[in-house]
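# Structural overview
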Amino acid sequence: MKIAKILLAVGVLAMATPAFAQTALDAVKTAGALRIGTEGTYAPFTFHDASGALVGFDVEIGRAIAEKLGVEAEFVEGPWDGLIAGVDANRYDVVINQVGINAERQAKYDFSEPYIASKAALVVREDNTDITSFESLAGKKAAQTLSSNFGKLALENGAEVVGTEGFDQSIALVIQGRADATINDSLSFFDFKTQQPDAEVKVVATADDADFSGVLLAKGKPELLAAINDALVAIKADGTYAEISQKYFGEDVSQ
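Reading the values: the criteria
Residues numbered from 1 in each chain as written. Predicted model: local features only at pLDDT ≥ 70, side-chain atom pairs only at ≥ 80, totals over all residues. Heavy atoms only, no water. Helix = DSSP H or I, 4+ residues; strand = E, 2+ residues; numbered from the N terminus. Rg over C-alpha atoms; globule rule 2.2 N^0.38 Å. Buried < 20%, exposed > 50% of the residue type's maximum accessible area, 1.4 Å probe, protein only. Contact = heavy atoms within 4.5 Å. Areas by Shrake-Rupley, 256 points an atom, 1.4 Å probe, with all protein chains shown as cover. Lys, Arg positive; Asp, Glu negative; His and termini not counted. Charge placed at Lys NZ, Arg CZ, Asp CG, Glu CD. Core = buried A, V, L, I, M, F, W, Y, C linked by side-chain atoms within 4.5 Å.

## What about the overall build of the protein chain?
When its secondary structure is counted, the protein chain shows eleven helices and 14 strands. The C-alpha atoms of the protein chain give 24 Å as radius of gyration, which overshoots the globular expectation for 255 residues (18 Å, by more than 25%). Projecting the C-alpha coordinates of the protein chain onto the three principal axes gives extents of approximately 100 × 35 × 30 Å. Within the protein chain, the fraction of its 255 residues that count as buried is 44%. Of the contacts formed within the protein chain by residues at least 6 apart in sequence, a portion of 67% connects residues at least 24 apart. By element, 52% of the accessible surface of the protein chain is carried by carbon and sulfur atoms, the whole surface being about 13,500 Å². Averaging the coordinates of the 21 positive side-chain charges in the protein chain and doing the same for the 37 negative ones gives two points 7 Å apart.

## Thoughts on the nonpolar core
Core analysis: the largest hydrophobic core is formed by 45 residues, its most contacted members being Leu34, Phe57, Ile61, Ile65, Ile116, Leu224 and Phe249. Among the elements that take part in this core, helix α10 (residues 222-237) stands out by supplying seven residues, more than any other. Discounting residues that sit within four places of it in the chain, phenylalanine 57 has contacts with Pro44, Phe45, Gln98, Tyr115, Ile116, Tyr241, Ile244, Ser245, Tyr248, Phe249 and Val253. Judged by nonpolar contacts, the second largest core, of 13 residues, contains Ala120, Ile131, Leu137 and Ala154.

Structure (structure tokens):
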């Protein structure tokens, strides 16, 4: 009888003691891999090289973060339209794909600290000495896509906008002298100069405000979020980030 009571008491105690739930970070470490959602079609951030290998700035950042977590980086590719939703469906743990940090996304997801910044950059020919600031665009021709925020910024500063279909055409018009300048994304320009270092164009000014991107993950995973932030701090401290940044942009693109 006493033995039965003891066994009953032990059973009740066991039922009353909650099991410790595995955290998202624990799950990643148990699996030995950080599953990363990415497009694979967005150079220079995530794309396939001539050999078919997945490469890019974001790909290398993802691998560096995973290494600091002590696991492998496992990339899961998919189209942009459904990429973030893949976190909800648990197809992967995080998205690393130049996901801009904004209030709408922050309402539903968590973000790491920013790992890359883009700014509006004012680009002119190397021999141009007249344009040194956004304000000095007044009365000049700026090559811009008409509906873009960059085009609006050119107009706000008094430029005559020459309509183009995108970055490549805008840069070409500046090089040819058919436009005095273009305002475009700093990351696009740095990538262009990395690919074409002899192109006779330069940045003479950048906007004060920047747009930042971060690692996106589902809410409610504080341990994983903290570990990713710690990894970002570590790769900046040990020079890994600077090496990746220089490789793809020739610049420090963290600020």
